[in-house]
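Spelled out from the first residue to the last, the chains are:
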Amino acid sequence: MSDSNQASQQQDTTPKKKNKYDFSETNKPLNINLSWCKACNICIAMCPQQIFEPDRDGRPIQTRPEDCTQCTICWVHCPDFCITSTVK
Amino acid sequence: MATAEKQKSDVMLDYLIPQKKFPSVWCPGCGNGIVMGAFIRAVDKLEYDRNDIAMVSGIGCTSRMPVYLDFNSLHTMHGRALAFATGVKFAQPKMKVVVITGDGDALAIGGNHFIHACRRNIDITCILINNHTYGMTGGQGSPTTPSDAISTTTPFGNVEKHFDPCDLAKSAGASYVARGTVYHYPQLEKIITAALEHKGFSLVEVISNCHTYYGRLNKKGDAPAMLDMFKDLSVTKAKAKNMEQEELENKFVIGKMHEDNVKTEFCDEYKKIIDKQKG
């Protein structure tokens, strides 16, 4: 118990990591095939972490890639098979 | 369903026909693509050989689906997909026959074929995508358009009552009946997997969105708004048991409705007769 308490205290000092993945602007969580995308906005509306934002044409851009938890919601609900994961 | 391994996110790309020009012909955000993804992942999970699967479809938006997929496919007359599928199954009993059909295709034009395929309990998986309207021809009222809903043939509200395909199939004799929506994806994939494994006629009704006609005429919003609507209107079967009939109006009860593993299958019975006559 004491070990785990210490570990949790140590974690509190460091900035909290949101998930087990280490995504960033250069290491994107998803590959998006924009030539097949029809800008239906389903991925933007359904993402629980809201990592997408629409661009000028309404297609998704990954603006907050560090929050992605690879929950599969965006790519199973994409009707045009545009979204695939970079790690799965 | 038993395989615990996680699927890759790009598994469906292996099953698309590469010569076909993508993106597909469907409207942006159409639920048909989500159902297509669920079907591909179910087939991949069950590890079927793709030469053993025959996809039969009629006419309509949903019936464009076999064109994009790398299975044996048969694109038939309006409403007659189940009749053709009965012939395919009868000639090749080892083949997995899957019928992709829409609500107008299966219940209006092909209503008679539908109830008789259920009655025979022939081993066909029928995926009925219900979007409450005729999408391809311009938003006319279909047998599943709800009462008071507006369509291009009922501009002042629909006065008819709508069909419940699950109840119809169950009373006509289908041995596996389930309903899912495009919003509840994991359940949809499970239902399609169970339906493919089931021996006998299995009906999967999928509530899908047609925001281009049904949604626009009835002011239901765009594709994400309609998916959210399905989330609000769906009731699980366990919850629906304790609810009144009036509360359940205009709601969808989702989940497995009926399963009968005792009922005899049509091809098996026919084979028995052949063996008997041979002596």
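Everything that follows concerns the structure shown earlier in this document.
All of these numbers come straight from a predicted model, not from anything done at the bench. Note on numbering: residues in each chain are counted from 1, in written sequence order. Labels follow written order: the first chain is A, the first ligand is 1, and so on. It should be noted that, the model being predicted, local features are given only for residues of pLDDT at least 70 and side-chain atom pairs only at 80 or more, the latter also being counted only at that level, while totals for whole chains, interfaces and linings use all residues. Each side-chain value is worked out from all heavy atoms of the structure, with water and hydrogens disregarded.

### With respect to the nonpolar core
- Counting residues in hydrophobic clusters, the biggest one holds 70 residues, and the most contacted among them are Met36, Phe39, Leu69, Ile127 and Ile192 of chain B.
- Contact criterion: two residues are considered in contact whenever any of their non-hydrogen atoms come within 4.5 Å of each other. Apart from residues lying up to four places away in sequence, Ile127 of chain B is in contact with Val35, Phe39, Val98, Val99, Ile100, Thr101, Ile192, Val204 and Val206 of chain B. Definition of nonpolar core: a set of buried residues of the types Ala, Val, Leu, Ile, Met, Phe, Trp, Tyr and Cys, connected through side-chain atoms within 4.5 Å. The buried label applies to any residue whose accessible area, calculated with a 1.4 Å probe on protein chains only, is under 20% of its type's maximum; exposed applies above 50%, and partly exposed to all values in between.

### Some thoughts on helix H5 (residues 111–120) of chain B
All names here are of chain B.
- The complete set of buried residues in H5 reads Gly111, Phe114, Ala117 and Cys118. Take H5 and look down its axis: the buried residues cluster within an arc of 130°, on one side only.
- A run of H or I in DSSP becomes a helix once it reaches four residues, and a run of E becomes a strand once it reaches two; helices and strands are each numbered from the N terminus. Those residues of H5 hidden inside the fold are in contact with helix H3 (81–91), helix H4 (103–109), strand E4 (124–130), helix H6 (165–172) and strand E6 (202–207).
- Taken from the residues just after H5, Asn121 is the one with a positive phi, measuring 55°. To be clear, the arc concerns the directions from the helix axis to the C-beta atoms.

### Comments concerning the pattern of salt bridges
- Each reported salt bridge corresponds to a side-chain nitrogen of Lys or Arg within 4 Å of a carboxyl oxygen of Asp or Glu. Evaluated as defined, the whole model comprises 12 salt bridges over all chains.
- The salt bridge involving Lys38 of chain A is made with Asp80 of chain A; its shortest N-O contact spans 3.0 Å. Highlighted residues: Lys38 of chain A in the loop between strand E1 (30–32) and helix H2 (42–46) and Asp80 of chain A in the loop between helix H3 (73–77) and strand E4 (83–85), separated in sequence by 42 residues.
- For Lys38 of chain A, a relative accessible area of 18% puts it in the buried group.
- Classification of Asp80 of chain A as buried rests on a relative accessible area of 5%.
- The partner of Asp123 of chain B in a salt bridge is Lys199 of chain B, with the nearest N and O atoms 3.9 Å apart.

### Section: the side chain of Asp123 of chain B
- For Asp123 of chain B, the location among the structural elements is in the loop between H5 and E4.
- With sequence-adjacent residues up to four places away left out, Asp123 of chain B is seen in contact with Lys89, His198, Lys199, Gly200, Phe201 and Glu265 of chain B.

### Observations concerning unusual backbone geometry
- For Ala39 of chain A, which is not glycine, the phi torsion reads 60° and is therefore positive.
- In this structure, Ala39 of chain A sits in the loop between E1 and H2.
- Since its relative accessible area comes to 25%, Ala39 of chain A is described here as partly exposed.
- A positive phi is found at Asp148 of chain B, a non-glycine position, where the angle reads about 70°.
- Structurally, Asp148 of chain B can be placed in the loop between E4 and H6.
- Residue classification places Asp148 of chain B among the exposed residues on the basis of a relative accessible area of 64%.

Any functional reading would require information beyond the geometric quantities listed.
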